[in-house]
Amino acid sequence: MTPHEERRTAPDPAEVAGRLRLPVTRLARILRQQDQLGLTPTMTAALATIGREGPLTLGALAASEQVSPPTITRVVSKLEAAGLVRRRPDRADGRVTRVELSAAGRRQLEAGRIRRTAWLSTRLRDLPPEDLVRLEQAAAVLERLTSAPAPEGGQ
């Protein structure tokens, strides 16, 4: 099959988007319910990003989460008030502040991961092996899709 023929038989991106939207949204909601952290989705995502990529400046965190600087400032303030993160001066430039997980934030993040992974693992065990292979491949595609920078113009 030539590349030109392959493009003609590829699914329409709008149709794929329509089919993905609802199950991905449902799965995200169900996984958030497993969290039991009592945090908003934005707070949970920011906490996870800080845990994975931190310590981060507020600007870097806002860019990573694709939210405005004022939004990330409010989110970090709430996480700090809950004792889940702390602000530290940058070692190279004392004018810059970085956000990192506190010990309590690390414990809470790990407990949430364990609960979500356990719930999802239980559901995945019911699937046939070929579905697991497809999901593993889809996970790599979704990781690339969600880690790509937002296109110019916002979305």
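Scope of this entry: the structure provided in the associated data block. Quantities reported herein were computed from a predicted structural model and do not represent experimental measurements.

Glancing now at the packing of helix α4 (residues 58–65) against helix α5 (residues 69–81). Two numbers describe how α4 lies on α5: the axes approach to 9 Å, and their chain directions differ by 105°. In terms of orientation, α4 lies roughly perpendicular with respect to α5. Residues Leu58, Leu61, Ala62 and Glu65 of α4 form the contact with α5, whose participating residues are Pro69, Ile72, Thr73 and Val76. Broken down by class, the residue content of the contact of α4 with α5 amounts to six nonpolar, one polar and one charged.

Time to look at the sheet that holds strand β1 (residues 56–57). Spatial strand order, β1-β3-β2: three strands in an open sheet with antiparallel pairing. Either end of the sheet is taken by a strand with one partner, and the two such strands are β1 and β2 (85–89). Pairing analysis gives two bridges linking β1 to strand β3 (residues 97–101), with the strands arranged antiparallel. Residue pairing across strands places Leu56 opposite Val99, the latter belonging to β3. Taken strand by strand, α5 contacts β2 and β3, and its axis lies near 110° from that of β2.

With that settled, consider the side chain of Glu100. Structurally, Glu100 can be placed in strand β3. Here the side chain of Glu100 touches Arg86 through a polar contact of 2.8 Å, side chain to side chain. Only 3.3 Å separates the side chain of Glu100 from the side chain of Arg88, close enough to count as a polar contact. Setting aside residues no more than four positions away along its own chain, Glu100 makes contact with Ile50, Pro55, Leu84, Val85, Arg86 and Arg88.

On to the pattern of salt bridges, then. When charged atoms on two side chains of opposite charge get close, those side chains can pair. A complete count under the given rule lists eight salt bridges for this structure. Linking Arg88 and Glu100 is a salt bridge whose minimum nitrogen-to-oxygen distance equals 3.3 Å. Of this pair, Arg88 sits in strand β2 while Glu100 sits in strand β3, and the two are twelve residues apart along the sequence. Take Arg88: its relative accessible area is 40%, and that puts it in the partly exposed class. In this structure, the salt-bridge partner of Glu110 is Arg113, at a minimum N-O distance of 3.9 Å. Of this pair, Glu110 and Arg113 both sit in helix α6 (residues 103–124), three residues apart, roughly one helical turn. Looking at Glu110, the relative accessible area reads 38%, which means it is partly exposed. You can call Arg113 partly exposed: its relative accessible area is 32%. Beyond isolated ion pairs, a larger network of salt bridges with shared partners links Arg86, Arg88 and Glu100.

Moving on, we get to the environment of Gly105. Looking at the secondary structure, you find Gly105 in helix α6. Since its relative accessible area comes to 0%, Gly105 is described here as buried. If we skip the residues at most four places from it in the chain, Gly105 touches Leu47, Gly83 and Leu84.

The rules behind each value
Residues numbered from 1 in each chain as written. Predicted model: local features only at pLDDT ≥ 70, side-chain atom pairs only at ≥ 80, totals over all residues. Heavy atoms only, no water. Axes fitted to C-alpha atoms, helices over the stretch in contact; angles between N-to-C directions. Helix = DSSP H or I, 4+ residues; strand = E, 2+ residues; numbered from the N terminus. Parallel < 35°, antiparallel > 145°, perpendicular 65-115°, else oblique. Contact = heavy atoms within 4.5 Å. Nonpolar A, V, L, I, M, F, W, Y, C, P; charged D, E, K, R; others polar. Pairing = 2+ DSSP bridges. Polar contact = N/O pair within 3.5 Å; in protein donor to acceptor, adjacent residues only side chain to side chain. Salt bridge = Lys/Arg side-chain N within 4 Å of Asp/Glu carboxyl O. Buried < 20%, exposed > 50% of the residue type's maximum accessible area, 1.4 Å probe, protein only.

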